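Observations on chain architecture
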Amino acid sequence: MGILRKNCVRAVCLQLILCFVFMLFACSTKAPEHPITVHLTIRCEDLENDAQAPKGVRTLLDTDCIIEEGTNVFDLVVARAKAAKLAISSKSSAFGRYFDGIGGYTEKDGPCAGWLFTVNGEMPSVSCDRYALSDHDTVEWVFRPDQRNAYGG
């Protein structure tokens, strides 16, 4: 009688643990309530010394994403970089958050190196953590080892 009872207790405990794990997994992969589709491209330009970059351009990520309406650009990049196992680092400034490194390309890689982003071909007047995305937006992050002449600067 004691062995049967122990086995029943173990079975119930195992079922409870499995239910908890299932609920935890189900909650973390919940589909967006108000889904939108955006396109994200992360690429590097003017890479003269990068043997892996044909014609000086290297695309690190180019994908369509289904996200929750109102997601900001920063959160989009963090989620997609994590899914693609792409290393990222970011910093905070008085203007908001910015990426100082994506995929091993950092702001220390040139005299005025860095990452800039556009949404629908336009450079936003706010930082990436303050720009809420809309359906069918196209987000592009571009790294250049020297940003001084980028975007008319």
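Scope of this entry: the structure provided in the associated data block.

Time to look at helix H2 (residues 73-83). In an α-helix there are 3.6 residues to a turn, and that puts residues three or four apart on one side. Among all positions in H2, only Val 73, Phe 74, Leu 76, Val 77 and Ala 81 are buried. Buried residues of H2, seen end-on, are gathered within an arc of 160° and therefore sit on one face of the element. Pointing more than 90 degrees away from the buried face of H2 are the exposed residues Lys 82 and Ala 83. Along its buried surface, H2 packs onto strand S1 (35-44), strand S2 (58-68), strand S3 (88-93), strand S4 (96-102), strand S6 (114-119) and strand S7 (138-144).

The next point concerns the nonpolar core. Within the largest apolar cluster, 27 residues are counted, with the highest numbers of intra-cluster contacts made by Leu 40, Ile 42, Val 73, Trp 115, Leu 133 and Trp 141. Of all elements in the fold, only S1, S2, H2, S4, S6 and S7 reach the threshold of two or more residues within this core. Setting aside residues up to four positions removed in sequence, Ile 42 forms contacts with Arg 58, Thr 59, Leu 60, Leu 61, Val 77, Leu 86, Ile 102, Trp 115 and Trp 141.

Once that is clear, we can look at the packing of aromatic side chains. In the structure shown here, the tally under the stated rule is five aromatic pairs. A centroid spacing of 5.2 Å and a plane angle of 85° characterise the contact between Phe 99 and Trp 141, whose relative ring orientation is edge-to-face. With Phe 99 in strand S4 and Trp 141 in strand S7, this residue pair connects regions lying 42 residues apart in the sequence. For the pair Phe 99 and Trp 141, one class covers both residues: buried. Where Tyr 105 meets Phe 143, the ring centres are 5.6 Å apart and the plane angle is 45°; that geometry is what we call tilted. Taken together, the positions of Tyr 105 in strand S5 (residues 105-106) and Phe 143 in strand S7 put the pair 38 residues apart, joining distant regions of the chain.

Right, let's talk about the environment of Arg 80 for a bit. Relative to the helices and strands, Arg 80 is located in helix H2. Sequence spacing of Arg 80 and Cys 65 is 15 residues, and the spatial spacing of their C-alpha atoms is 8.3 Å.

Read across the open sheet, the three strands follow the order S3-S4-S5; overall the sheet is antiparallel. Of all strands in the sheet, those with a lone pairing partner are S3 and S5, marking the two edges. Relative to S4, S3 is paired through six bridges, and the arrangement is antiparallel. Considered in S4, the bridge of Ser 92 is made with Arg 97. Docked against the sheet, H2 engages S3 and S4, running at close to 30° with respect to S4.

Among the secondary structure elements, Asp 100 is positioned in strand S4. By relative accessible area, Asp 100 is classed as buried at 11%. Polar side-chain contacts of Asp 100 include one of 3.2 Å to the backbone nitrogen of Ser 90. When sequence neighbours within four positions are dropped, the list of residues in contact with Asp 100 reads Ser 89, Ser 90, Lys 91, Tyr 105, Thr 106, Glu 107 and Trp 115.

Procedures and definitions
- Residues numbered from 1 in each chain as written.
- Predicted model: local features only at pLDDT ≥ 70, side-chain atom pairs only at ≥ 80, totals over all residues.
- Heavy atoms only, no water.
- Buried < 20%, exposed > 50% of the residue type's maximum accessible area, 1.4 Å probe, protein only.
- Helix = DSSP H or I, 4+ residues; strand = E, 2+ residues; numbered from the N terminus.
- Arc of directions from axis to C-beta.
- Contact = heavy atoms within 4.5 Å.
- Core = buried A, V, L, I, M, F, W, Y, C linked by side-chain atoms within 4.5 Å.
- Phe/Tyr/Trp six-rings, centres within 6.5 Å; stacked < 30°, edge-to-face > 60°.
- Pairing = 2+ DSSP bridges.
- Axes fitted to C-alpha atoms, helices over the stretch in contact; angles between N-to-C directions.
- Polar contact = N/O pair within 3.5 Å; in protein donor to acceptor, adjacent residues only side chain to side chain.

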